[in-house]
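In case you want the letters, here they are:
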Amino acid sequence: MNIIEFLSYAFVQKALIAGALIAVTTAVLGVFLVLKRLSLIGDSLSHVALSGIALGLITNTSPVFMAIPVVMLSSLGIYKISASAKVHSDSALGIIAAAGISLGLILAALAGGFNVDLLSFLFGSILTVSTSELVLAFVLAVIILCLVYIFYNDLIVITFDQNFAKTAGVNTERMNIILVLISAAAVVIALKVVGIMLVSAMIIIPPTAALQLANTFKKALILAASFSVLGVILGIYSAFMLNMPSGAMIIAVDIIILMIAVMLRKYAFKKR
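Residues numbered from 1 in each chain as written. Predicted model: local features only at pLDDT ≥ 70, side-chain atom pairs only at ≥ 80, totals over all residues. Heavy atoms only, no water.

### Comments concerning the packing of aromatic side chains
In step 1: The full count for this structure, using the stated rule, is six aromatic pairs.
In step 2: With centroids separated by 5.9 Å and ring planes inclined at 70°, the aromatic side chains of Phe-160 and Phe-217 adopt a geometry described as edge-to-face. Of this pair, Phe-160 sits in helix 8 (residues 152–160) while Phe-217 sits in helix 12 (residues 217–242), and the two are 57 residues apart along the sequence.
In step 3: Exposure remark for Phe-160: the relative accessible area of 54% places this residue in the exposed category.
In step 4: Ring pairing ties together the aromatic residues Phe-32, Tyr-152, Phe-160 and Phe-217, which thus form one cluster. (Phe/Tyr/Trp six-rings, centres within 6.5 Å; stacked < 30°, edge-to-face > 60°. Helix = DSSP H or I, 4+ residues; strand = E, 2+ residues; numbered from the N terminus. Buried < 20%, exposed > 50% of the residue type's maximum accessible area, 1.4 Å probe, protein only.)

In structure tokens, the structure reads:
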């Protein structure tokens, strides 16, 4: 099947639009999170999302809509715990992840075990994205990217130097809360693309690849978004052609892009 035939399917068009929106959002946020050494927040929050999704299945409501408040509240919990002088951020991430996955497994058992709906969120199922999920992805992506644009300078400052940000008059607590909340929203909408098991890779890998090649922050954002969208497009296409899991193929393409970026960086240094 050629690319024109592939793009003629309505479900493929929905998958590509939703995937591109989510790819840009997670990549942009990922640059901030990777540099701030909070990249594993995606892994912790994705585990928490299992609780929200299972709760949605139990109450017969939309798993995604139920997961959003659960994950957002958990992101605030991570911030509050890590803000404590007695608990490091990595410990806070581990605590929330453990609590989320254990509660999620209990709720999944109450919901009747791991049915098809739950498994689609565990491993991703972008080719089955619904119209309502596409609309939700669009709305959340627009909100998240608008907030990044509005608070762009403050986010950069708290990313590189929290202490300087305080002396410069930046409300660091407010900005950190905004960052973790929009990261939580991004994690939830990314679940349909790559699933709970791989969502952190979507946040980490494209930004890491971009940081290998970019010499300015804006270039890192542009490259990260471009790499992430490319990974989604090639991943969906190869998954469809080879009858493979879409989430796994997207991350596989992202890893190949990262390897190429690392080699290009090494080649550039050798030339110098």
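### Quick notes on the confidence of the model for the protein chain
In step 1: In the predicted model, the protein chain carries a mean pLDDT of 83, and 91% of its residues have values of at least 70.
In step 2: Taking the mean pLDDT of every element in the protein chain, the minimum, 66, falls on helix 6 (residues 116–123) and the maximum, 91, on helix 12. (pLDDT = per-residue confidence, 0-100.)

### Focus on the packing of helix 3 (residues 41–58) against helix 11 (residues 199–213)
In step 1: The contact between helix 3 and helix 11 brings their axes to 7 Å, and the two run at 160°. As judged from the angle between their axes, helix 3 and helix 11 are roughly antiparallel. Crossing hand, helix 3 versus helix 11: right-handed. Where helix 3 approaches helix 11, its residues Gly-42, Asp-43 and Ser-46 are matched on the opposing element by Val-199, Ser-200 and Ile-203.
In step 2: The class makeup of the residues in the contact of helix 3 with helix 11 is two nonpolar, three polar and one charged. (Axes fitted to C-alpha atoms, helices over the stretch in contact; angles between N-to-C directions. Parallel < 35°, antiparallel > 145°, perpendicular 65-115°, else oblique. Left-handed = near helix turned anticlockwise from the far one by under 90°. Contact = heavy atoms within 4.5 Å. Nonpolar A, V, L, I, M, F, W, Y, C, P; charged D, E, K, R; others polar.)

### Some points on the nonpolar core
In step 1: By size, the foremost hydrophobic cluster in this structure holds 82 residues, and its most contacted members are Phe-32, Leu-155, Met-202 and Ile-236.
In step 2: It is helix 10 (residues 172–194) that provides the largest number of residues to this core, a total of 15 residues.
In step 3: Not counting residues up to four positions away in its chain, the partners in contact with Leu-155 are Phe-32, Val-148, Met-175 and Leu-179. (Core = buried A, V, L, I, M, F, W, Y, C linked by side-chain atoms within 4.5 Å.)

### Thoughts on the side chain of Ser-46
In step 1: Mapped onto the elements of the fold, Ser-46 is located in helix 3.
In step 2: Classification of Ser-46 by relative accessible area gives buried; the value is 0%.
In step 3: Excluding residues that lie within four positions of it along the chain, Ser-46 makes contacts with Val-187, Leu-191, Ile-196 and Val-199.

### Observations regarding the environment of Ala-99
In step 1: Within the secondary structure layout, Ala-99 lies in helix 5 (residues 89–110).
In step 2: For Ala-99, a relative accessible area of 41% puts it in the partly exposed group.
In step 3: Once the C-alpha coordinates of Ala-99 and Ser-75 are considered, the two residues, 24 residues apart in sequence, prove to be 13 Å apart.

### A short note on a nonpolar patch on the surface
In step 1: A contiguous nonpolar patch, built from Leu-213, Ile-255, Ile-256, Met-259, Ile-260, Met-263 and Leu-264 and spanning about 640 Å² of accessible area, is present on the exposed surface.
In step 2: In terms of residue count, the dominant contributor to the nonpolar patch is helix 13 (residues 246–271) (six residues).
In step 3: Counting through the fold element by element, Met-263 comes out in helix 13. (Patch = residues over 30% accessible without salt bridge, like charges linked within 9 Å, V, L, I, M, F, W, Y side chains within 5 Å. Areas by Shrake-Rupley, 256 points an atom, 1.4 Å probe, with all protein chains shown as cover. Salt bridge = Lys/Arg side-chain N within 4 Å of Asp/Glu carboxyl O.)

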